[in-house]
Amino acid sequence: LDGVLFEDCFAGTNITLPSHASILTGLSVRDTGLVSNSMGLTARARSLAEVYAEEGWFTMALFSAQHLRHGLSGLGQGFDRMRGPTKESEAAASIAIARFERWMESEEGLPVFIWLHLFDAHAPYQPPQELSRRYYDEELDPFDAQRFSLPAGARVPWASKVTDLNYILGLYKSEVTHLDQQIAVLLDHPRVRAATLAFTSDHGEALGNHGLYFMHQGIYPDTLAVPLILRWPGSPQGLRIPAPVTHQDLGRTLLDLSGLGAVSFPGNSLLRWIEAPLEPAPARYAISSGAQTAAIEKEGWLLFLHLRDHDSPTRVLHQVELFDLKQDPTCQRDLVEDELDRARRMRADLIEWLAASTGSLTSGRASSPEVTAELAALGYVDNVGPEPGKRWYEPDPRSPWCKRFEQ
């Protein structure tokens, strides 16, 4: 096996465009201000592509979901060439990968930075026909309402007559397998094999935990945990790093691996975990879509502070939850009552982090009917959250949760 696997990597949010903005700027959602797929970066943001371009690299971006286009997202700044779907809301991975290979050949001899975004393992799950039953018994009928029924609260909007949850889970696995097969071919391309390579995801997927199905609502580990593999010429082979990391540090790491360590860019190099794997890990922070919830993970404990009333799942403003990820990785048992002192310390740390925002890098929400329709076609409910420049957290002396923690 090639490369280094970071076994415990978290995204900083649970939604596509804001997560990619964090990867490409090295900044948390707290500092970009993006909490919605209809919010974009302003030109004040400094992207990883801009840094590479300033250093003489040719920069290219291939994306597979239309709401990542530069006119909406602002993610195209710094890219010499950018391409994605123009008519459909999304494009198949095969289209982006074929274009990726052509572009690499056309820029032979130049140092190149490429961002390749694939979207297939996203609802609705529609793998190729030959894989559709790969993980589901050919003899079963997933539409048999006499034999199967979906769990309470489960809905499959793109296949409303399906009654067997295992069929949908099988389709999801088939989508992942389909992507694996295509990426495997790409990784064997001579130029890719000789390149510095990062493989990650913008967020995870909820497949039933906490009553959330086939979406990425909430910031449980289901939606925050993402894969992260790094490979570069001379990299270790098959090394696993258990330290908790965040892919917000990916840009800084890639620049270091590209010989651009002296260039200023936010973040801390992930390479330090290869040299000192047992070093104490700093806290990790996240803000959910719509700024409904903020989170801090530290020493295997995950605390939520709810910033708004919301229903994903239902929580109220100022409510606090605490989970022991080592004993309860799916966050089923809230320990805030049993670990009140720990919760108080972590909550204070999170509020201090939220207050240290450097300001927003978004111009706010693009609310045209066309954008709304695009997002709806992809299954997104557009949670917007606070206006740019507003404080992330506002205490309320009348709140029983605030009284409890701030007395």
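Shown above is the structure to which this text applies.
Note that this is a predicted model, so its numbers are computed, not measured.

Novice: Describe the packing of aromatic side chains, naming the residues involved and giving the relevant values.
Specialist: One pass over the full model with this rule turns up 15 aromatic pairs. A ring pair is formed by Phe143 and Tyr167, whose centres lie 6.3 Å apart and whose planes are at 55°; its orientation type is tilted. Of this pair, Phe143 sits in the loop between strand 5 (112-116) and helix 6 (165-187) while Tyr167 sits in helix 6, placing them 24 residues apart in sequence. On the basis of an interplanar angle of 5° and a centroid distance of 4.5 Å, the ring pair of Tyr285 and Trp353 is categorised as stacked. Taken together, the residues span a long stretch of sequence, with Tyr285 in strand 12 (residues 284-287) and Trp353 in helix 11 (residues 340-355) at a distance of 68 residues. Among the residues examined, Tyr285 registers a relative accessible area of 21% and is labelled partly exposed. Taken together, Tyr52, Trp57, Phe79, Phe113 and Trp115 form an aromatic cluster joined through their ring pairs.

Novice: I'd like to hear about the environment of Glu175, residue by residue, with values.
Specialist: In this structure, Glu175 sits in helix 6. Residues Glu175 and Ser360 lie 185 residues apart in sequence; the distance between their C-alpha atoms is 36 Å. With near-sequence residues (within four places) excluded, Glu175 lies in contact with Asp120, Ala121, Pro124, Tyr125, Gln126 and Pro127.

Novice: Can you explain helix 6? Please cite residues and give values.
Specialist: Note on helix geometry: an α-helix contains 3.6 residues per turn, so any two residues three or four positions apart are oriented the same way. Under the 1.5 Å per step criterion, the end-to-end length of helix 6 is 33 Å for 23 residues, consistent within 8% with the ideal 33 Å. By the N-cap criterion, in which a side-chain oxygen at the helix start approaches the backbone nitrogen of a residue two or three places on, helix 6 is capped by Asp164, the distance to Asn166 being 3.1 Å.

Novice: Can you break down the sheet that holds strand 17 (residues 320-324) residue by residue, with the values?
Specialist: Pairing within the open sheet is antiparallel, and its four strands lie in the order 12-13-14-17. Since the sheet does not close on itself, it has two edges, and those belong to strand 12 and strand 17, each with one partner. Across the sheet, the mean angle from the axis of one strand to that of its neighbour is 15°, orientation sign disregarded. Where strand 12 meets strand 13 (residues 293-298), four bridges bridge the pair, whose relative direction is antiparallel. Bridge pairing links Ile287 to Ala294 in strand 13. Sheet strands touched by helix 11: strand 12, strand 13, strand 14 (301-306) and strand 17. Its angle to strand 14, the strand with the most contacts, is close to 60°.

What counts and what doesn't
Residues numbered from 1 in each chain as written. Predicted model: local features only at pLDDT ≥ 70, side-chain atom pairs only at ≥ 80, totals over all residues. Heavy atoms only, no water. Phe/Tyr/Trp six-rings, centres within 6.5 Å; stacked < 30°, edge-to-face > 60°. Helix = DSSP H or I, 4+ residues; strand = E, 2+ residues; numbered from the N terminus. Buried < 20%, exposed > 50% of the residue type's maximum accessible area, 1.4 Å probe, protein only. Contact = heavy atoms within 4.5 Å. Expected span 1.5 Å × (residues − 1). Polar contact = N/O pair within 3.5 Å; in protein donor to acceptor, adjacent residues only side chain to side chain. Pairing = 2+ DSSP bridges. Axes fitted to C-alpha atoms, helices over the stretch in contact; angles between N-to-C directions.

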